[in-house]
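Residue strings, one per chain:
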Amino acid sequence: MAEQRFDDTAPASLVIRQPDDWHVHLRDGAMMTQVLAHTARQFARAIVMPNLTPPVTTTQLANGYRERILAALPPGSTFEPLMAIYLTDHSQPDDIAEAFARGVAVACKLYPAHATTNSAAGVTDIRHCHAVLERMERIGMPLLVHGEVTRREVDIFDREAVFIDEVLAPALRDFPALKVVFEHITTADAANFVRDAPAHVAATITPHHLEINRTSLFEGGIRPHLYCLPVAKRESHRLALRRAATSGSAKFFLGTDSAPHAIGAKESACGCAGIFNAPVAMECYASVFEEEGALGRLEGFASEHGPAFYGLPLNPRRIRLERRAMEVPATIAAGDARIVPYHAGASLRWSFAGLADQA
Ligand code: NCD
Ligand code: ZN
């Protein structure tokens, strides 16, 4: 969506502490090898979502997945994958606590069953997780939530707001000290809920939810490559997300939700949800912050608020962003398949120019 406002006093080049991606889908196998390079190019660390088939539900599976990611990194890369464990109705508090204590996983992910891609094994009722949540609250292990209810009678555009009332607010009453990240928020309701919650409740915001609204999905015809979950909402929500991301509040931080699917799985009679934005992530965030006159707050959102929430050190290195055109390819190779990246074929206003000391 074209924005008209630019901060003409902004510098043409911006050096910030290297960012982290607090929510990414790297997949597995041949596709992982190629998509991983795009994330590892821009980000020092990322929380890798566990919705593989089969899902990453135990310490042992998380450890194995982490090792496959490390083995697939480009030579010389120092990218650090941080793992999350996929909660099910049968997750064991001892196994989850072991993953956290051994440093195998930094968080657990709650997918309501059937809410999104590969969530069939997710949680059917949060009450089944009470023993796990009680333990997580005690040991300080964050819960990452895909915040949508799944009942058929709830309109898809209302599922996030209803989740707050029916699941998240009650869970925080039951577990008042539980650290929670409301992932990839899409509504003013979620932004306000997080803003007004205690400091241990935070949210990630994707580049696409800052740039597109639900009308974008139908601009000139149906746009499968802009379909993701939670689905983009109406314009007033997009504007609320932009205010939250650029507010300077430490409760909001970067999570791309980059979610690659092969072109045939998107351009289909029943297309998959997910937007592959890893190749253009920092370019998009820089444009949004510039349009909002808030380039000075990009570093907090991208590189400082997340580590503070997770209790991790700040990254020592810096990256450079330049205000010069980046031409986005129409497709990108991934194993035997091809993926259409976010902003395919477009010319973006900002470019990622690598680590500052190498640029
Ligand atoms: C994600 C995926 O494809 O794994 N899709 C998406 O639309 N965001 C799953 C998710 O995060 O909901
Ligand atoms: Zn996701």
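Residues numbered from 1 in each chain as written. Chains lettered and ligands numbered in written order. Predicted model: local features only at pLDDT ≥ 70, side-chain atom pairs only at ≥ 80, totals over all residues. Heavy atoms only, no water.

1. Re the sheet that holds strand E8 (residues 201-205)
In a beta sheet, neighbouring strands are held together by backbone hydrogen bonds and run either parallel or antiparallel to one another. Put simply, the rule is: Should DSSP find at least two bridges between two strands, the strands are regarded as paired. Helix numbering and strand numbering both begin at the N terminus, where a helix is a DSSP run of H or I of at least 4 residues and a strand a DSSP run of E of at least 2. Orientation is described by axes fitted as lines to C-alpha atoms, over the contacting stretch for helices, and by angles from 0 to 180 degrees between their N-to-C directions.
An order of E2-E3-E4-E5-E6-E7-E8-E9 is seen for the eight strands of this open sheet, with the pairing classed as parallel. Edge positions in the sheet fall to strand E2 (21-24) and strand E9 (252-254), since each of these pairs with one other strand and no more. For this sheet, the mean inter-axis angle between neighbouring strands, taken without regard to orientation, is 30°. Alignment of strand E4 (residues 80-86) against strand E5 (residues 107-110), held across three bridges, turns out to be parallel. If you follow Ile85 over to E5, its bridge partner there is Cys108.

2. A closer look at the coordination of the zinc ion (ligand 2)
For clarity, the cut-off: For Na, K and Ca the donor cut-off is 3.2 Å, while for other metals it is 2.8 Å, and in both cases only N, O and S atoms qualify; water is not among them, so sites may look incomplete. A four-donor site is classed as tetrahedral when every donor-metal-donor angle falls between 85 and 135 degrees; four donors are called square planar, and six octahedral, when trans pairs exceed 155 degrees and all remaining angles lie between 65 and 115, with any other arrangement labelled irregular. Burial here depends on accessible area, computed with a 1.4 Å probe over protein chains only, as a share of the maximum for the residue type. Under 20% is buried, over 50% is exposed, and the range in between is partly exposed.
Within the protein, the zinc ion (ligand 2) binds to His23 (NE2), His25 (NE2) and Asp257 (OD); these donor distances fall in the range 2.0 to 2.1 Å. For the zinc ion (ligand 2), the four donor atoms are set out with angles of 93 to 143° between them, so the coordination reads as irregular. Mapped onto the polypeptide sequence, the residues donating to the zinc ion (ligand 2) form the spacing pattern H-x1-H-x231-D. What makes His25 buried here is its relative accessible area of 7%.

3. Observations regarding the sheet that holds strand E1 (residues 13-17)
Strand order across the open sheet formed by three strands is E1-E10-E15, with antiparallel pairing between neighbours. In this open sheet, the two strands that pair with only one neighbour each are E1 and strand E15 (351-355). Across the sheet, the mean angle from the axis of one strand to that of its neighbour is 25°, orientation sign disregarded. Of the strand pairs in this sheet, strand E10 (residues 318-322) and E15 are connected by three bridges, and their pairing is antiparallel. Opposite Ile319, over in E15, you have Leu355 as the bridge partner.

4. Quick word on the nonpolar core
Across soluble globular proteins, nonpolar side chains have a tendency to be buried as a group. To be explicit about the condition: For our purposes a nonpolar core is just a set of buried Ala, Val, Leu, Ile, Met, Phe, Trp, Tyr and Cys residues, chained together by side-chain atoms within 4.5 Å. Should any heavy atoms of two residues lie within 4.5 Å, those residues are considered in contact.
Formed by 78 residues in total, the largest nonpolar core has its most connected members in Met282, Leu298 and Leu321. Other than its neighbours up to four places away in sequence, Leu298 contacts Leu14, Ile16, Met282, Tyr285, Ala286, Phe289, Ser303 and Leu321. Formed by 15 residues, the second largest nonpolar core is a distinct cluster that contains Met49, Ala84, Ala202 and Tyr310.

5. Topic: unusual backbone geometry
Here the bond from Thr53 into Pro54 is cis, since omega is -5°, no more than 30 degrees from zero. Examined against the element boundaries, Pro54 turns out to sit in the loop between strand E3 (45-48) and helix H2 (59-72). The omega angle of the peptide bond from Leu229 to Pro230 is -10°, so this bond is cis rather than trans. Its location among the elements puts Pro230 in the loop between helix H7 (207-211) and helix H8 (235-245).

In short, geometric facts, not functional conclusions.
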